[in-house]
Amino acid sequence: MSGPVLLTGAAGRIGTVLRGGLPERGWALRSLDVVPIVDARPGEEHVVADVTDRAAMAEAASGAAAVVHLGGVSGESTWAAVSHANIDGTQCVLEAARRAGVPRVVLASSNHATGFTPRPASGPLREEDGLARPDTFYGVSKVAMEALGSLYADRYGLDVVCLRIGTAAAEPTATRHLATWLSPRDQVSLVDAALRAPSPGFAVVWGVSANTRGWWDLSAARALGYEPADDAEEYAAALVAAHGEPDLADPVHARVGGEFTLPEYDAEV
Ligand code: 15L
């Protein structure tokens, strides 16, 4: 593989983890964000740009081996903010990749694309059981992201891997995270697998660690080569002591999107 991986949203929570971990897996990075990246790492290229800026993204994509697209709004906001950053931004990134001949794009989708999907009565929830039940405008933007990825894969032959990320955090801080946590090293492993998998075509996979209480099927992610190393259960005793055993009938635990499905997440338009 020649050329760097263009990493958008590189200064953010997941971007910062990937900037630490991907170079150790052999990936050179071109790190892009709207804010300057302060802690320069050896060999890393830096670009300050907005993912909706077509000219800047065309330049940033030039010569890249792949794109990992994390940039955008990472939670609920107004429709204007979410649709501009996440839908227009994803289309701009995919178009820049296509025009530059970049063969693969990894998209940071989210569990909130399917947030109103209920916990199945038995067995894990497969990706195909959780199609398009967004819980917020943010979730709608992730459905659109996946749809744009599908379009660019079918129409232009790009490999596009959508990661429906659970809770990417240093450690679980709520009992829901005992099911949804994606640890930092598993963030790196998942993206590395999405970059390396031979000819994935269009794929949508859940992005969580090997959590004992997890209920989202990891077989599609494992088929890409993802081998999760962490399990949130290590934090269960402390979290249950602090917050009580989770009530699986509570919407926070009974729906994919957890608290994002509650009335307090009604958006301001
Ligand atoms: C997400 O997609 C958000 O970016 C993050 O802030 C969390 O809310 C996470 O999902 C989650 O579901 O825990």
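Our subject is the structure that appears above.
Residues numbered from 1 in each chain as written. Predicted model: local features only at pLDDT ≥ 70, side-chain atom pairs only at ≥ 80, totals over all residues. Heavy atoms only, no water.

Enquirer: What exactly am I supposed to notice about the pattern of salt bridges here?
Expert: Pairing between side chains of opposite charge can happen when the charged atoms of each approach one another. Under the definition given, this model contains 14 salt bridges. Between D192 and R25 there is a salt bridge, with the nearest N and O atoms lying 3.3 Å from each other. In this pair, D192 sits in helix α6 (residues 184-196) while R25 sits in the loop between α1 (13-21) and β2 (29-33), placing the two residues 167 residues apart along the sequence. With relative accessibility at 8%, the residue D192 sits in the buried group. (Salt bridge = Lys/Arg side-chain N within 4 Å of Asp/Glu carboxyl O. Helix = DSSP H or I, 4+ residues; strand = E, 2+ residues; numbered from the N terminus. Buried < 20%, exposed > 50% of the residue type's maximum accessible area, 1.4 Å probe, protein only.)

Enquirer: Looking at this model, I keep getting lost on the site of the ligand. Mind explaining?
Expert: Around the ligand sit R13, S74, S110, N111, H112, Y138, G166, T167, R176 and F260, and that is every residue in its neighbourhood. Between the ligand and H112 there is a distance of 2.7 Å, counted from an oxygen atom to a side-chain nitrogen or oxygen. Residue R176 places a side-chain N or O atom 2.9 Å away from an oxygen atom belonging to the ligand. Relative to its free-state accessible area of 320 Å², the ligand is covered by the protein chains to the extent of 80%. For the shell around the ligand, a count of residues per class yields two nonpolar, six polar and two charged. (Near = heavy atom within 4 Å. Polar contact = N/O pair within 3.5 Å; in protein donor to acceptor, adjacent residues only side chain to side chain. Areas by Shrake-Rupley, 256 points an atom, 1.4 Å probe, with all protein chains shown as cover. Nonpolar A, V, L, I, M, F, W, Y, C, P; charged D, E, K, R; others polar.)

Enquirer: Where do I start with the packing of α1 against α6 in this structure?
Expert: Two quantities define a packed helix pair, namely the angle between the helix axes and the distance between the axes. Where α1 contacts α6, the two axes come as close as 9 Å, and the packing angle between them is 75°. Relative to α6, α1 is oriented roughly perpendicular. Seen from α1, the contacting residues are I14, V17, L18 and G21; seen from α6, they are P184, Q187, V188 and V191. Looking at the contact of α1 with α6, its residues break down into six nonpolar, two polar and no charged. (Axes fitted to C-alpha atoms, helices over the stretch in contact; angles between N-to-C directions. Parallel < 35°, antiparallel > 145°, perpendicular 65-115°, else oblique. Contact = heavy atoms within 4.5 Å.)

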